[in-house]
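# A closer look at the structure
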Amino acid sequence: MKKWLLGSLIGALVVCLGIGTLFAAPIKIGFFAPLTGFAAADGTSAKNAVMLAVEEVNKSGGLNGNPVKLIVYDDRDNPKESVAIANKLIEKDKVIAVVSGSYSTPTRVTAPIFNKAGIPMVAGYAVDPSITKAGPYIFRNGFLGEIEGKAAGEVAVNLLKAKTLALFTIDNDFGRALSRGFHARAKKFGGKVVYEHAFAIGTKDFSAMLTKVKGLSPDLLFISGYYEEAALAVKQARELGLTCKILGEEGFDSPKFLELAGDAAEGVVITTNLNRDDPRPFVQDFIKQYKAKYGMEPDMVGASSYDAFMIVANAIRKAGTNPKAIRDAIASTKNFDGLTGLIKHFNKIGEVMKPVQVQVVKNGAFHYYGVISDPEIITPPEK
Amino acid sequence: MPLQGKVIGMLAQQIVNGITIGSIYALIALGLTIVYGVLKILHIAHAGVYAMGAYLGLWAYRFIPNLFLAMIVAMALSGVSGIVIERFLYKSMLDKSRIVPLIASIGLFIAMEEAFRIISGPYVKAFPVHFRQKPWIFGSVRISAPQMLVFGVTIALLVLLWWVISKTRMGKALRAVSMDREMADALGVATERIISLSFFISSALAGAAGVLVGVFYNSVYPTMGDIPAYKALAIIVLGGMGSIPGTILGAFLVGISETFLIGFVNIPLPRDALAFIVMIAVLMFRPYGLLGKE
Amino acid sequence: MTVSITIGIYVILAISLNIITGYAGQISLGHAAFFGIGAYASGMLATRLGAPFFICLPFAIVVTGIVGAILGIPCLRVREDFLAITTMGINFVVQAVFLYVPFFGGALGISNIPLPSLNGVEMTKSVYLVMVVLFVLIAIVIDGWLTRSWTGLALASIREDETAAEMSGVNLTRFKVIAFVLGSAMAGLAGGLYAHFMSFISAQDFGFPESIVILSMVVFGGIGTLRGPIIGAIILGVAPEFFRPILDYRTLLYGAMLVVLMRFQPQGLLGIDSFIIRNVKRLWKKETVVNEISA
């Protein structure tokens with residue numbers, strides 16, 4: 001008789017625990033980035049930042065009481081792999097939202113897949129305009145090339161007071177969009193572009209182009225590119241004796257740029273996402289924690305991916321675990337306090353509206369130089 | 001400054017830039033052509049040895065504050081690794097179809113790059129060398145200290161190579177083996193040793209090139225061998241596979257063309273494709289390369 | 001499902017490369033270029049002119065075959081080592097054309113290539129898979145016919161000893177071009193299937209590394225055989241999925257595998273006289289002998 005009572009008590013306990021774990025079911029969020037291959041540096045940076053975000057969320061009790069489980073895949077910046085990954089995340093892992101910590105190609109190939117499946121995705125830093133056009137479930141936390149270009153133009157002509165301008169444009173869509181925005185804004189305020197040269201990704205030697213620029217003596221050189229090319233261009237420029245002001249963009253935003261360019265980086269101004277001198281404590285905390293955990297400074301890629309995740313987490317907190325509700329919550333995000341600035345809102349097609357940070361390299365580190373929040377510049381296009 | 005002076009100055013500077021790049025290409029491509037001459041193998045993993053040289057140089061420089069000594073260490077270790085590759089890999093493939101060593105080489109190259117990434121991390125590493133030498137300035141032409149380093153080392157190595165190949169017995173044996181391996185063997189040449197020697201020389205040159213590139217561009221990273229892998233092949237073909245002077249000529253030709261095309265024409269050329277285009281252009285007039293033989 | 005379709009496409013690609021490199025003995029390091037030409041041809045016809053799938057696909061096959069013929073002719077006059085580098089060069093140049101000539105979409109590539117549809121109803125993935133399998137079977141049949149035909153015989157003679165073949169009256173150029181055209185056209189077919197399945201294609205899908213992937217499938221399975229490329233494509237196509245747990249070492253293992261394979265088993269896993277085939281034959285013989293004795 002007693003045994004029977006004990007048995008049923010234990011049974012009831014087990015059932016309760018079981019139901020309990022059901023309720024504490026982990027919230028699965030998908031994440032993909034290039035973790036091996038040539039793009040591994042950026043992908044790893046994004047992953048590290050997002051893992052930090054997940055830890056933080058779980059430390060404070062998870063989302064609505066449930067722990068977050070980040071499902072990470074390596075896409076090697078390869079569209080075929082990312083398609084396979086997307087299908088896996090949807091069918092096998094059954095995630096309720098996705099963060100892209102990857103480049104444009106994997107993000108834009110998978111965007112229609114996620115959109116069709118009704119799973120919301122926020123892209124951290126992928127720049128291709130067609131990504132958000134895939135549908136209402138896709139959002140982007142990064143700047144469109146044209147907007148950042150306009151901001152850069154503003155910095156060049158109105159903040160740095162340059163009259164004659166030279167451009168080194170990286171030969172991809174982002175670079176071209178940057179160039180377009182830059183031209184438009186600079187011309188509006190009387191700047192004159194005296195030289196522009198597009199260069200292929202992976203270019204190591206800028207001596208030919210720089211020699212040309214030296215002969216023209218512009219006030220400012222605007223370089224678009226990722227930190228490897230940027231560092232080389234800046235270093236070679238100074239070695240060649242070029243003394244004009246150098247302006248860069250978010251691709252420069254990495255401790256690697258500072259390391260590789262060395263002294264030559266001093267005085268370089270960039271438009272970007274992350275303000276190192278941001279007075280808000282949670283930004284400083286992030287920088288400190290990132291350095292402590294990973295032994296290096298965070299960069300734009302990491303900060304943007306972190307924010308992308310937090311936007312998703314925030315939406316889940318507000319709307320629960322239904323993907324459509326999460327999607328609606330993301331779309332109605334207003335004035336969200338992100339690492340990368342006050343995110344005002346997402347527009348109709350999912351593009352973010354937030355101010356552009358301007359940073360300068362002083363004493364070997366990035367510091368606050370200014371911020372561009374003129375709506376004329378930072379409002380993203382509606383289609 | 002009057003216009004002509006400015007243009008000439010710019011031209012001269014571009015030539016300096018082109019020769020710098022050409023020197024590095026020459027050091028890399030030479031190793032490839034020597035291996036081809038001796039074994040008739042397309043040693044794609046050569047680019048892996050080049051990258052390894054850069055890493056070795058970076059590592060050695062941490063303990064040996066003298067750049068030249070660090071470079072010699074890197075060269076020696078690279079040379080040895082070349083011999084290892086030859087002994088353990090290519091030696092057993094000499095009698096098989098051409099595809100076998102080719103694929104093995106590609107597989108090795110892939111594995112090496114990944115090994116660099118796993119051991120050293122995917123990030124670009126800096127190779128900071130403080131040059132005390134101030135740049136030389138002639139009018140509007142400026143030769144920086146790193147450029148002087150590249151010129152100096154390349155000239156020194158080329159002279160050394162020339163001396164070994166033409167003035168020593170080893171060099172003569174090497175030329176014999178390149179021309180006809182079986183005949184040389186029949187004539188009593190220690191072919192096996194010569195083959196190992198040629199791998200040592202080739203890999204040492206690649207190692208030197210790696211260190212130079214690491215220092216000159218202040219960057220060492222796992223996939224730095226990618227572009228040289230393809231480009232060096234195009235260069236040895238256009239120069240004449242197996243011909244040392246042809247390869248040197250081809251290397252400078254490509255280096256200068258790249259610089260001029262970018263400096264004077266406003267097209268964002270994919271530099272890899274350019275080397276192949278030059279190669280195809282040369283092959284149309286000289287089907288065996290600039291200085292190649294039947 | 002995605003994996004199966006991808007593997008099917010790679011089987012076709014491997015078989016096509018095998019015709020050029022395995023049967024005719026012409027080293028091609030740029031096969032991905034033909035894959036790309038087929039994909040772009042089909043994709044562009046679909047998106048620019050709105051042509052239906054069943055017109056795009058034959059178009060892709062024909063276009064790629066023609067390009068194969070054009071590129072093949074100068075290629076084949078060239079010596080073996082030159083051929084390897086020349087095909088590599090072709091790969092780079094074709095890729096550069098796709099990347100830099102705006103007509104081909106530039107870095108963005110071609111997007112929104114539709115799945116094939118009949119009477120407005122879009123094909124589902126499962127049906128697409130069936131279609132791919134069908135094409136795989138067709139490829140296998142063509143391959144089988146080739147080896148048994150006069151053409152196949154001629155190719156084999158060329159592969160073994162070009163000089164001897166020429167002396168026996170084999171028109172080298174003609175047969176090499178045939179192999180090239182056949183191989184490239186089939187690659188074009190694979191390209192078309194790929195384009196409509198992925199719906200996005202860009203130049204980076206068709207570079208030299210891709211050519212190596214295809215070549216290693218052929219070599220892994222056993223170059224010069226029919227079963228080789230098929231097995232190679234299946235095993236190497238599925239492997240990434242199994243290797244996901246040791247993500248970080250995947251590529252390293254891949255490279256090491258190629259080295260080890262070439263060092264110890266260059267004829268491929270199921271190639272002529274490979275370890276596996278020899279043992280299978282031995283067991284088969286044993287069985288037959290036992291049966292005969294007991295009979």
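No experiment lies behind these values; they were computed from the predicted model shown. (Residues numbered from 1 in each chain as written. Chains lettered and ligands numbered in written order. Predicted model: local features only at pLDDT ≥ 70, side-chain atom pairs only at ≥ 80, totals over all residues.)

## Here's the deal with the overall build of chain C
Put simply, the rule is: Secondary structure counts use DSSP, requiring at least four H or I residues in a row for a helix and at least two E residues in a row for a strand, with both numbered from the N terminus. Taken over C-alpha atoms, the radius of gyration is set against a globule rule of 2.2 Å times the number of residues to the power 0.38. Around each residue's C-beta, the other C-beta atoms within 10 Å are counted; 20 or more make the residue buried, 12 or fewer make it exposed, and counts in between make it partly exposed. All C-beta atoms are placed from the backbone. In this description, any two residues whose backbone-derived C-beta atoms lie within 7 Å of each other are considered to be in contact.
Summing up its helical and strand segments, chain C has 12 helices and two strands in all. Element order for chain C, N to C, with α for helix and β for strand: α-α-α-α-β-β-α-α-α-α-α-α-α-α. The C-alpha radius of gyration of chain C comes to 20 Å, within 12% of the 19 Å expected for a compact globule of 295 residues. Expressed along its principal axes, the backbone C-alpha trace of chain C runs to roughly 65 × 50 × 40 Å. For chain C, the residues scored as buried account for 52% of the 295 residues in total. Taking the contacts inside chain C whose residues are at least 6 apart along the sequence as the reference set, 78% of them involve residues at least 24 apart.

## Topic: the overall build of chain A
Along chain A, the regular secondary structure elements total 13 helices and 15 strands. Against the compact-globule benchmark of 21 Å for 383 residues, chain A has a radius of gyration of 23 Å, which places it among compact chains. Every one of the 383 residues in chain A was classed for burial, and the buried ones make up 57%.

## Digging into the nonpolar core
To keep things clear, this is the line we draw: Any nonpolar core is a set of buried residues, restricted to Ala, Val, Leu, Ile, Met, Phe, Trp, Tyr and Cys, that join up through C-beta atoms within 7 Å.
Membership of the largest hydrophobic core comes to 326 residues, with the highest contact counts inside it found for Val312(A), Ala208(B), Leu212(B) and Ala14(C). In this view, Ala208(B) contacts Leu27(B), Gly53(B), Met71(B), Met75(B), Val153(B) and Leu157(B); residues no more than four positions away in its chain are not counted.

## Some thoughts on the interface of chain B and chain C
For clarity, the cut-off: Any residue that is not Ala, Val, Leu, Ile, Met, Phe, Trp, Tyr, Cys, Pro, Asp, Glu, Lys or Arg is counted as polar, Gly included; the first ten are nonpolar and the last four charged.
With 31 residues of chain B at the interface, the matching set in chain C holds 30 residues. For the side of chain B that touches chain C, the secondary structure elements donating two or more residues are helix 4 (99–120), helix 9 (226–239) and helix 11 (271–285) of chain B. The element contributing the most residues to the side of chain B that touches chain C is helix 4 of chain B, with 13 residues. In terms of residue class, the side of chain B that touches chain C is built from 25 nonpolar, two polar and four charged.

## A short note on the sheet that holds strand 1 (residues 27–33) of chain A
All names here are of chain A. What counts here: Criterion used throughout: strands pair if DSSP finds at least two bridges between them. In this analysis, axes come from line fits to C-alpha atoms, helices being fitted only over the stretch in contact, and the angle between any two N-to-C directions falls in the range 0 to 180 degrees.
Strands sit in the order 2-1-3-4-5 across an open sheet of five strands; the sheet is parallel. Two strands bound the open sheet, and with one partner strand each, they are strand 2 (68–74) and strand 5 (138–140). Between one strand axis and the next, the sheet turns by 20° as a mean value, whatever way the strands run. Two strands pair when backbone bridges link them, and strand 1 and strand 3 (residues 97–100) are joined in this way by four bridges, in the parallel orientation.

## Looking at the interface of chain A and chain C
Listed as interface residues are 14 residues of chain A and, on the opposing side, 15 residues of chain C. Only helix 3 (79–92) and helix 4 (104–117) of chain A provide two or more residues apiece to the side of chain A that touches chain C. Of the residues forming the side of chain A that touches chain C, the biggest block, five residues, is contributed by helix 3 of chain A. Taken together, the residues that form the side of chain A that touches chain C break down as five nonpolar, five polar and four charged.

## Some details on the confidence of the model for chain C
Selection criterion: As a per-residue measure, pLDDT reflects the predictor's confidence and takes values from 0 up to 100.
Looking at chain C, pLDDT values average 82 and 92% of them are 70 or higher. Among the scores for the predicted complex, ipTM is 0.82 and pTM is 0.82.

## Some details on unusual backbone geometry
Note: most residues except glycine have negative phi, and most peptide bonds are trans. Even without glycine at this site, Arg76(A) takes up a positive phi of about 55°. Locating Arg76(A) in the fold gives a position in the loop between strand 2 and helix 3.

## Concerning the packing of helix 6 (residues 169–179) of chain B against helix 8 (residues 191–216) of chain B
Residues and elements named next belong to chain B. The test is simple: Any angle from 65 to 115 degrees is called roughly perpendicular, while one under 35 is roughly parallel, one over 145 is roughly antiparallel, and all others are oblique.
At a minimum axis separation of 10 Å, helix 6 and helix 8 run at an interaxial angle of 100°. Our classification of the angle between helix 6 and helix 8 gives roughly perpendicular. Within the contact between the two elements, helix 6 uses Met170, Ala173, Leu174 and Val177 and helix 8 uses Thr191, Ile194, Ile195, Leu197 and Ser198. Among the residues making up the contact of helix 6 with helix 8, the classes are represented as seven nonpolar, two polar and no charged.

## Considerations on the confidence of the model for chain A
Across chain A, the average pLDDT comes to 87, with 94% of residues at or above 70. Confidence scores differ between elements of chain A, with helix 1 (residues 2–23) of chain A showing the lowest mean pLDDT of 54 and strand 3 of chain A the highest of 95.

## Brief notes about the pairing of strand 15 (residues 365–372) of chain A
All names here are of chain A. For strand 14 (residues 356–362) and strand 15, the ladder comprises seven bridges, and the chain directions are antiparallel. For Lys362, the partnering residue across the bridge sits in strand 15 and is Ala365. Here strand 14 folds back onto strand 15, and the loop between the two strands holds two residues, one of which, Asn363, carries a positive phi near 55°.

## Looking at the environment of Val38(B)
Residues and elements named next belong to chain B. By the secondary structure assignment, Val38 is in helix 1 (residues 3–39). On the neighbour-count criterion, Val38 (25 C-beta atoms within 10 Å) is buried. Separated by 153 residues in sequence, Val38 and Thr191 place their C-alpha atoms 9.4 Å apart. Apart from residues no more than four positions distant in its own chain, Val38 is found in contact with Val177, Ser178, Ile195 and Ser198.

## Re the pairing of strand 8 (residues 220–223) of chain A
Regular strands have side chains that alternate between both faces of the sheet. Residue and element names in this part refer to chain A. Rule in force here: The path from the first strand over the helix to the second decides the hand: if it runs clockwise while the strands point away from the viewer, the crossover is right-handed.
Here strand 8 shows no split at all, with Leu220 and Phe222 on one side and Leu221 and Ile223 on the other all buried. Judged from the four bridges that link them, strand 6 (residues 164–170) and strand 8 form a sheet pairing that is parallel. Pairing of Leu165 across the sheet is with Leu220, part of strand 8. Judged from the three bridges that link them, strand 8 and strand 9 (residues 245–248) form a sheet pairing that is parallel. When the sheet's bridge partners are listed, Phe222 is paired in strand 9 with Leu247. Handedness of the crossover is the feature at issue here: the chain leaves strand 8, passes through helix 8 (residues 227–239), returns alongside strand 9, and the resulting connection is right-handed.

## As for the packing of helix 5 (residues 145–167) of chain B against helix 6 of chain B
All names here are of chain B. Packing of helix 5 against helix 6 brings their axes to within 5 Å, and their N-to-C directions diverge by 75°. One element, helix 5, and the other, helix 6, form an angle in the roughly perpendicular class. For the pair formed by helix 5 and helix 6, the contact residues are Val164, Ile165, Ser166 and Lys167 on the first element and Met170, Gly171, Leu174 and Arg175 on the second. Tallied by class, residues from the contact of helix 5 with helix 6 come to four nonpolar, two polar and two charged.

## Brief notes about helix 8 (residues 172–198) of chain C
What counts is decided by this rule: Here a helix's expected span is defined as the number of its residues, less one, multiplied by 1.5 Å.
Along its 27 residues, helix 8 of chain C runs 38 Å from first to last C-alpha, staying within 8% of the 39 Å computed at 1.5 Å per residue. Burial analysis of helix 8 of chain C places 22 of its 27 residues in the buried class, the great majority of the element.

## With respect to the sheet that holds strand 9 of chain A
All names here are of chain A. Taken together, seven strands build an open sheet; the order of strands is 7-6-8-9-10-14-15 and the sheet is mixed. Because the sheet does not close on itself, it has two edges, and the strands there are strand 7 (192–199) and strand 15. On average, each strand axis in the sheet is tilted by 20° relative to the strand beside it, whichever way the strands run. Against the sheet, helix 5 (residues 145–159) engages strand 6, strand 8, strand 9, strand 10 (269–272), strand 14 and strand 15, with an angle of about 145° to strand 10.

## Here we look at helix 2 (residues 31–48) of chain C
Residues and elements named next belong to chain C. Over its 18 residues, helix 2 runs 26 Å from end to end, which matches the ideal 26 Å to within 8%, given 1.5 Å per residue. The buried fraction of helix 2 is high, at 16 of 18 residues. Following helix 2 by one or two positions, Gly50 adopts a phi angle in the positive range, close to 65°.

## Concerning the environment of Asp277(A)
Relative to the helices and strands, Asp277(A) resides in the loop between strand 10 and helix 10 (281–294). Residues Asp277(A) and Tyr369(A), 92 residues apart in the sequence, show an inter-C-alpha distance of 9.4 Å.

## Details of the environment of Ala126(B)
In this structure, Ala126(B) sits in the loop between helix 4 and strand 1 (136–138). Taking the number of C-beta atoms within 10 Å as the measure of exposure, Ala126(B) has 19 and is therefore partly exposed. Spatially, the C-alpha atoms of Ala126(B) and Gly240(B) are 35 Å apart, while their sequence positions differ by 114 residues. If we ignore the near neighbours within four places in the chain, the residues touching Ala126(B) are Glu259(A), Leu260(A), Asn218(B) and Ser219(B).

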